[in-house]
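Descriptive structure summary
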Amino acid sequence: MGLRLLQDFGQVQAAEKADGSLVTQSDRWADETLRTAIAAQFPTHGVLSEEVEHIFPDTDWCWVIDPLDGTTNFARGLPLWGISLGLLYRGTPVFGYVHIPPLGQSFYGYWAGNSGLEMPTGAFLNDRPITVSRDQPDTNHFFNLCARSTAVMRPGFPVKIRMLGVATYNLLTVAKGTALGGVEATPKIWDIAGVWAITQAAGAIWHPLELHPIFPLQPGQDYGDRAYPTLVVSQPKLVAVFEPLVRAIGKS
């Protein structure tokens, strides 16, 4: 699937959806391909996807898929975009997989949390274990913003700022120790379901910027329009460093 998308990369026309984001025929093809494969391999599992199905099903197991995260990058020829899948058990992710075809990087992770499942815990990049950085903030470290969180940029920000244009990769750089933190102002459930398990299995701290918990998702609810402002940092004590700088994002 990644090979097919690489062939389409930078060669397709994008259209604007109602929420202002872009979509291409590649997004739709990848969405259908993933849903078909899941139905064949896991016929009792539900599926929630960005392009087609937004109602969370009444099944113990459900896949939440983003067939092409970073569509603007993909359509404009910027080689940073990915495919994201999260496997939820009773509404909460326990496994995540994100493939970044232009970089040849595949992330995956297992995080049982409070699910009661007996399963391994760990995060991996191309089959090698990854973990967060334990470094202290300074101007030689990174913090990632999204396009809707640039208002936090001001003098005195404790680390260098980067904007990657891909919600999953933004947060996965924290999991693999490249960045000390990242914030997403308006991610949808398909933007975060795949990275939820990976980041926490790598030791990161997931800090929602709103009062209501993200998971578990509820059967019958429509998750098409809801956003989940989120801060992810590499260490518990960094919540106190970065949360005051970005907390307004969750109230916008």
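Up top is the structure these notes are about.
Worth saying up front: this structure is predicted, and the values here are computed from it rather than measured. (Residues numbered from 1 in each chain as written. Predicted model: local features only at pLDDT ≥ 70, side-chain atom pairs only at ≥ 80, totals over all residues. Heavy atoms only, no water.)

Where helix 4 (residues 167-175) contacts helix 5 (residues 189-201), the axes come no closer than 9 Å and their chain directions differ by 5°. By the angle between their axes, helix 4 is roughly parallel relative to helix 5. Along its contact with helix 4, which presents Ala 167, Thr 168, Leu 171, Leu 172 and Ala 175, the element helix 5 presents Asp 191, Val 195, Ile 198 and Thr 199. Its residues assigned to classes, the contact of helix 4 with helix 5 shows 6 nonpolar, 2 polar and 1 charged. (Axes fitted to C-alpha atoms, helices over the stretch in contact; angles between N-to-C directions. Helix = DSSP H or I, 4+ residues; strand = E, 2+ residues; numbered from the N terminus. Parallel < 35°, antiparallel > 145°, perpendicular 65-115°, else oblique. Contact = heavy atoms within 4.5 Å. Nonpolar A, V, L, I, M, F, W, Y, C, P; charged D, E, K, R; others polar.)

In terms of burial, strand 5 (residues 82-89) is largely enclosed, as 8 of its 8 residues are buried. Burial along strand 5 is two-sided: Gly 82, Ser 84, Gly 86 and Leu 88 facing one way and Ile 83, Leu 85, Leu 87 and Tyr 89 facing the other are all buried. Both strand 4 (residues 61-69) and strand 5 contribute to a ladder of 7 bridges, which runs antiparallel. Within strand 5, the residue paired with Trp 63 across the bridge is Leu 87. Bridging between strand 5 and strand 6 (residues 92-100) involves 7 bridges; their strand directions are antiparallel. Note on strand 6: the bridge partner recorded for Tyr 89 is Thr 92. A loop of 2 residues connects strand 5 with strand 6, the two strands running antiparallel in sequence, and Arg 90 in this loop sits at a positive phi of about 50°. (Buried < 20%, exposed > 50% of the residue type's maximum accessible area, 1.4 Å probe, protein only. Pairing = 2+ DSSP bridges.)

The strand order 11-10-12-14-13 describes an open sheet built from 5 strands, whose pairing is mixed. Every other strand in the sheet has two partners, leaving strand 11 (160-163) and strand 13 (205-208) as the edge strands with one partner each. Neighbour-to-neighbour, the strand axes of this sheet turn through a mean angle of 20°, independent of strand direction. Pairing of strand 10 (residues 142-145) with strand 11 involves 4 bridges; the strand directions are parallel. Within strand 11, the position partnered with Phe 142 by the bridge is Lys 160. Contacts between helix 6 (residues 238-246) and the sheet are confined to strand 10, strand 12 (181-184), strand 13 and strand 14 (230-233), with strand 14 contributing the most and set at about 150° to the helix.

A few words now on the nonpolar core. The biggest cluster of nonpolar side chains holds 37 residues, and the ones touching the most others in it are Leu 48, Phe 107, Ile 189, Trp 206, Ile 214 and Leu 217. Secondary structure elements with two or more residues in this core: strand 4, strand 6, strand 8 (122-125), helix 4 and helix 5. For this core, the element with the highest residue contribution is helix 5, accounting for 8 residues. Excluding its chain neighbours within four sequence positions, the residues that come into contact with Leu 217 are Phe 56, Leu 88, Gly 91, Ile 189, Tyr 223 and Tyr 228. With 18 residues, the next largest nonpolar core counts Leu 5, Phe 9, Ala 30 and Leu 34 among its residues. (Core = buried A, V, L, I, M, F, W, Y, C linked by side-chain atoms within 4.5 Å.)

Attention now goes to the pairing of strand 10. Inspection of the sheet shows strand 10 paired to strand 12 by 2 bridges, in the parallel sense. Residue Asn 144 lies in a different strand from strand 12, and its bridge partner there is Gly 182.

Turning to its location among the elements, Ser 26 is positioned in helix 2 (residues 25-41). As a C-alpha pair, Ser 26 and Pro 129 span 103 residues in sequence and 31 Å in three-dimensional space. A polar contact is formed between the side chain of Ser 26 and the side chain of Asp 8, at a distance of 3.0 Å. (Polar contact = N/O pair within 3.5 Å; in protein donor to acceptor, adjacent residues only side chain to side chain.)

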